[in-house]
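Residue-level structural notes
Single-letter residue listing:
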Amino acid sequence: MRDLLTDAAERAIGYLQGLDARAVAPAPAAVAALDEFDTALPDAGSDAGEVIALLDRLGSPATMAMAGSRFFGFVIGGALPVTVAASWLATAWDQNTGLYNSTPATSRLEQVALRWLVELFGLPSGTGGAFVTGATVANFTALAAARHAVLQRAGWNVEADGLFGAPEVTIVVGKEAHPSVIKSLGLLGFGRDRIVHVPIDGQGRMRADALPTLSGPAIVCAQVGNVNTGACDPVAGIRTRLRGSHAWLHVDGAFGLWAAAAPALASAVRGVEVADSWATDAHKWLNVPYDSGLAFVRDAEALRAAMAITADYLPTASEFRNPSDYTPELSRRARGVEIWAALSGLGRQGVAELVERNCRQARRFAEGLRAAGFEILNEVVLNQVLVAFGDVAETQRVIAALQAEGTCWCGGTVWQGRTAMRISVSSWATTDADVERSLEAMYRVAADRRAP
Ligand SMILES: Cc1ncc(COP(=O)(O)O)c(C=O)c1O
């Protein structure tokens, strides 16, 4: 076992150290070679060392270098070395982190990490939380608590009686809500087509003045951190508009909530703590390995009511927090260990510095591209930049050529009718030199394309 695990660790270290010198996207030949994996199910097993060697030989070159310093697609954090190491150790522990009594170490670590996060984001003390797979499931989890609470207030027990015959719940989102929120609402039985969409401004922010007047059970989903522009809904203004309505206010802050942990950026999300629930990702801006998301609910009991289960064989009685009382899963890996390691390793100041540095780097991207004559389509309020290199065809050509050139990787989008390249700066590993090197590549690729 020692030789096997040492070999795997050395291969992983070699992989990470090799990222700077390789193209961000995998070479087509490496992707084609994945066919070699596609064999018949073996009857007999193989030597474990050979299994890992094959995985490395075929798998490593065919990966996208998301762990590297110049991947700017989607919204993707790298994994801080301390979190990779913590993940290795926690994997060796192999704790099914559902119940404190059976997994005290990992359960306690999650309890501590939750307290630290609530403090870091400035959320109300006593806020409950769940360590889940990502913001999609965090939205689902928090909205399950919302569903419980708004229907309980209307005298209905949704966990016992379901939604057939329940009082109607009005669901309100901004027109730019992330599709994962819509999906979560659908999974909770609210019906994707019953959702009321509130108009937005030119950056994608929900217009608080356009909120409908609400009465009866209602859930309003705001957003901090639009996936294209980074813009944040005016959460405090939305709360003010909802005064007297008893509506539950949820915030999808998949990456934007991290601005609340960075004093220089906190004004972008001012008032976010007035909501009733929040969803965010740790695998984005906290830079822990996939997959890791967080749901927070002001009324921890509402979350517990939606999620907790008991059975005679489960040792649920505990003076400490049982992680599975708050998550959709019963059996689960100890995601909180990596979050605890990241927060321990960075401290409050390190988190703020990471978030602020990435935002400064995003502003540098925008400034460099604007100076080179390209159009920046958004106000760069956080870590997202939208750039158009010309018309639709030209922008699409630059994106494809940049991805093929390999210095960095950015994806495309359509923002309010304009085709754009998205630059999302979310990694601990990105240095200012990486930004300059990537800008040079963008200028070069765009100029190549302009030549006759
Ligand atoms: C605003 C927002 N909400 C939700 C999500 C979904 O997050 P995940 O893919 O981690 O489930 C994203 C992903 O980028 C996002 O930007």
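Residues numbered from 1 in each chain as written. Predicted model: local features only at pLDDT ≥ 70, side-chain atom pairs only at ≥ 80, totals over all residues. Heavy atoms only, no water.

**Brief notes about the sheet that holds strand β8 (residues 375–376)**
Strands sit in the order β8-β9-β11-β10 across an open sheet of 4 strands; the sheet is antiparallel. A strand with exactly one partner marks an edge of an open sheet, and here the two such strands are β8 and β10 (411–415). With 2 bridges connecting them, β8 and strand β9 (residues 384–388) associate as antiparallel partners. Considered in β9, the bridge of I376 is made with V387. The strands that helix α11 (residues 335–371) touches are β8, β9 and β11 (418–424); relative to β9, the one it contacts most, it runs at about 15°. (Pairing = 2+ DSSP bridges. Helix = DSSP H or I, 4+ residues; strand = E, 2+ residues; numbered from the N terminus. Contact = heavy atoms within 4.5 Å. Axes fitted to C-alpha atoms, helices over the stretch in contact; angles between N-to-C directions.)

**Focus on the sheet that holds strand β3 (residues 196–198)**
In spatial order, the strands read β1-β7-β6-β5-β4-β2-β3; together these 7 strands make up an open sheet with mixed pairing. Since the sheet does not close on itself, it has two edges, and those belong to β1 (128–132) and β3, each with one partner. Here the strands of the sheet are splayed against their neighbours by 20° on average, with no regard to which way each runs. The pairing of strand β2 (residues 170–174) with β3 spans 3 bridges and is classified as parallel. Its bridge partner being in β3, V173 is matched across the sheet by H197. Running over the sheet, helix α8 (residues 179–187) touches β2, β3, β4 (218–223) and β5 (248–252) and is turned about 170° from β2. Against the sheet, helix α10 (residues 300–307) makes contact with β1, β5 and β7 (293–297), and its axis sits at roughly 45° relative to β1, the strand it touches most.

**Topic: empty space enclosed by the protein**
Applying the stated rule across the entire model yields 1 cavity of 30 Å³ or more. In this model, the largest cavity occupies a volume close to 30 Å³. Contributing to the lining of the largest cavity are G174, E176, A177, G204, M206, C221, A222, Q223 and D233. At 3 residues, β4 tops the list of elements feeding residues into the lining of the largest cavity. Of the residues belonging to the lining of the largest cavity, the class tally is 4 nonpolar, 3 polar and 2 charged. (1 Å grid on protein atoms, 1.4 Å probe; cavity = no way out; pocket = protein on both sides within 12 Å on 5 of 7 lines; lining within 4 Å. Points joined across faces, edges and corners; volume = space filled by probe spheres on them. Nonpolar A, V, L, I, M, F, W, Y, C, P; charged D, E, K, R; others polar.)

**Quick notes on the pairing of β9**
Taken across its 5 residues, β9 has 5 buried, putting it largely inside the fold. The two faces of β9 match: Q384, L386 and A388 on one face and V385 and V387 on the other face are all buried. Two elements, β9 and β11, share 4 bridges in a ladder whose sense is antiparallel. Pairing of V387 across the sheet is with M421, part of β11. (Buried < 20%, exposed > 50% of the residue type's maximum accessible area, 1.4 Å probe, protein only.)

**As for the pattern of salt bridges**
Counted according to the given criterion, the structure contains 26 salt bridges. Note that R335 is salt-bridged to D291, the shortest N-O span being 3.2 Å. Of the two residues, R335 sits in helix α11 while D291 sits in the loop between β6 (277–281) and β7, which places them 44 residues apart along the sequence. Accessibility expressed as a relative area gives 7% for R335, which makes it buried. For D291, a relative accessible area of 28% puts it in the partly exposed group. One salt-bridge network, held together by shared partners, links D20, R70, D434 and R437. (Salt bridge = Lys/Arg side-chain N within 4 Å of Asp/Glu carboxyl O.)

**A few points about helix α4 (residues 81–93)**
Taking 1.5 Å of rise per residue, the 13 residues of α4 would be expected to cover 18 Å, and the 19 Å separating its terminal C-alpha atoms lies within 8% of that figure. Among the residues of α4, those classed as buried are T83, V84, A86, S87 and A90. All buried residues of α4 lie within an arc of 165° about the axis, which places them on one face of the element. The secondary structure elements touched by the buried residues of α4 are α11. Following α4 by one or two positions, D94 has its phi on the positive side, about 50°. (Expected span 1.5 Å × (residues − 1). Arc of directions from axis to C-beta.)

As far as function goes, none of this settles anything; it's purely spatial.
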